[in-house]
Amino acid sequence: MQNLLFIVLGLSLLIAGGNWLLKAAVGLSLRLNIPKIVIGMTVVSFATSAPELIVSIQAALDGFPDLALGNVVGSNIANLGLVLAVTVLLGSIDVRKSFYTTDWPAMMVASFLFFGFIYFDGELQQYEGVIMVIALFLFLVYLLRFQKQAVVDEAPEDDVLLPLYKTVLFLGIGGTSLWGGSELLINGAVGMATIYGVSERVIGITVVSIGTSIPELAASVIAVIKKEKAISLGNLIGSNIFNLLAVLGITSIITPVRVMDEGLLSSDIFWMLGISFLVLPLVFIPKGLRLGWRDGIVLLVVYATFIYLTIS
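From a predicted model like this one, the values you see are computed outputs, not experimental measurements. (Residues numbered from 1 in each chain as written. Predicted model: local features only at pLDDT ≥ 70, side-chain atom pairs only at ≥ 80, totals over all residues. Heavy atoms only, no water.)

(A) Molecular detail of the packing of helix 3 (residues 65–90) against helix 10 (residues 293–311). Contact geometry of helix 3 with helix 10 gives a least axis separation of 8 Å together with a crossing angle of 145°. Relative to helix 10, the crossing made by helix 3 is left-handed. Here helix 3 contributes I77, A78, L80, G81, L82, L84, A85, V88 and L89 to the contact with helix 10, which in turn contributes W293, G296, I297, L299, L300, Y303 and F306. For the contact of helix 3 with helix 10, the per-class residue count stands at 14 nonpolar, two polar and no charged. (Axes fitted to C-alpha atoms, helices over the stretch in contact; angles between N-to-C directions. Helix = DSSP H or I, 4+ residues; strand = E, 2+ residues; numbered from the N terminus. Left-handed = near helix turned anticlockwise from the far one by under 90°. Contact = heavy atoms within 4.5 Å. Nonpolar A, V, L, I, M, F, W, Y, C, P; charged D, E, K, R; others polar.)

(B) The arrangement of the layout of surface pockets in detail. By volume, the second largest pocket is sized at about 220 Å³. Counting residues per element, the ones that place at least two in the lining of the second largest pocket are helix 2 (36–61), helix 6 (164–195) and helix 7 (200–225). (1 Å grid on protein atoms, 1.4 Å probe; cavity = no way out; pocket = protein on both sides within 12 Å on 5 of 7 lines; lining within 4 Å. Points joined across faces, edges and corners; volume = space filled by probe spheres on them.)

(C) Structural view of the packing of aromatic side chains. A complete count under the given rule lists nine aromatic pairs for this structure. Here a set of aromatic residues connected by ring pairs shows up, and it is made of F115, Y119, F120 and F270. (Phe/Tyr/Trp six-rings, centres within 6.5 Å; stacked < 30°, edge-to-face > 60°.)

(D) Spotlight on a nonpolar patch on the surface. Among the surface-exposed residues, V130, I134, F137, L138, V141 and I253 lie close enough to one another that they form a single nonpolar patch of about 530 Å² accessible area. Sort the elements by how many residues they give to the nonpolar patch and helix 5 (residues 126–146) lands first, with five residues. In this structure, I134 sits in helix 5. By relative accessible area, I134 is classed as partly exposed at 46%. (Patch = residues over 30% accessible without salt bridge, like charges linked within 9 Å, V, L, I, M, F, W, Y side chains within 5 Å. Areas by Shrake-Rupley, 256 points an atom, 1.4 Å probe, with all protein chains shown as cover. Salt bridge = Lys/Arg side-chain N within 4 Å of Asp/Glu carboxyl O. Buried < 20%, exposed > 50% of the residue type's maximum accessible area, 1.4 Å probe, protein only.)

(E) Spotlight on the nonpolar core. Judged by nonpolar contacts, the single largest core of 84 residues is most densely connected at L69, L84, F114, L124 and I241. Looking at this core, the element that brings in the most residues is helix 3, giving 13 residues. Excluding anything up to four places from it in sequence, I241 contacts M41, D103, A106, M107, L136, F139 and A246. (Core = buried A, V, L, I, M, F, W, Y, C linked by side-chain atoms within 4.5 Å.)

(F) Region of the structure containing the confidence of the model for the chain. Summary statistics for the chain give a mean pLDDT of 83 and a share of 93% for residues scoring 70 or more. Note that residues 149–158 has pLDDT below 50 and, in this model, 30 contacts with residues that lie over four places away or in other chains. (pLDDT = per-residue confidence, 0-100.)

(G) Up close: empty space enclosed by the protein. Evaluation of the coordinates by the stated rule reveals one cavity of 30 Å³ or more. Volume-wise, the largest cavity comes out at about 40 Å³. Of all the secondary-structure elements, those providing two or more residues to the lining of the largest cavity are helix 2 and helix 8 (229–254). With four residues, the single largest contributor to the lining of the largest cavity is helix 2. Residues of the lining of the largest cavity, tallied by class, amount to six nonpolar, one polar and no charged.

(H) Geometry of the pattern of salt bridges. Scanning the model with the defined rule gives two salt bridges in all. The partner of D94 in a salt bridge is R290, and the shortest N-O contact between them spans 2.7 Å. With a gap of 196 residues between them, D94 in strand 1 (residues 93–94) and R290 in strand 4 (residues 290–291) connect regions that are remote in the sequence. Judged by its relative accessible area of 26%, D94 falls in the partly exposed class. Taking the shortest distance from any N to any O, the salt bridge between E123 and R258 comes out at 2.7 Å. Residue E123 is found in strand 2 (residues 123–124), and its partner R258 is found in strand 3 (residues 257–258); the two are separated by 135 residues along the sequence. Since its relative accessible area comes to 14%, E123 is described here as buried.

(I) Quick look at the side chain of S111. Mapped onto the elements of the fold, S111 is located in helix 4 (residues 97–119). A relative accessible area of 1% places S111 in the buried class. Apart from the residues within four sequence positions on either side, S111 is in contact with L244, M272, L273 and S276.

Below, the structure written as structure tokens:
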């Protein structure tokens, strides 16, 4: 009963937090005259990736490295297979050239960097974590200096410039609500999962990763409803980059992270690379530079298959 209460309270906080964070993101975009997709890939992504960072560091320090790794790998799969799928089922997203020239390639580079560091020796060393964090810093510098709008803004005339104190307030309250809501959701979900005796890796790759992806889902769905699709797509691509370079980078700097369950290297990491790559052809097929409901169904089917095979 307590676990169920945690899940309900967590979801409520996440929905409210997503709304506040979106208001702050739009306010920042207008005030700084920065494309919304950049705000989505930086400010919103960092806030919605905070649960993954906290969970992964705590799990690694507590001696559960597979929970830390499974959380990030599973979260990246969930961000695209579940969150992006639900987002485009609610409304199609028209993208521009910079999506496939900058944003998607950056996500793939981060994915392959992580793959190269972990696949051959099964461990993320401290120096590798330093390289990942430096790579993230360089990417952010590039974004802030050169990134153009990658998604068509449907209703720019509806944007409201908030007072600075309100933007900061919404940012703080929204980020805190997402963090608190995800903590409650994770505690409830892990509590329910452990009752059924599920392994650490499977809990990390499914229950915990979905739980820590709920902030992205809340922020993205609310962004689509409010016609802020640039923030929605930027949040998801940015979150995947943050998860790999910041979350695992910082975690491995604090303490090296070793793979305990080989299933992560023989299966999960390839699912992550596969679904990350899949987004690019979906952007062009069946209609160029658009993600629509058909793409959402494809992503959901892929994600459901991954979950089924992981659990079975």
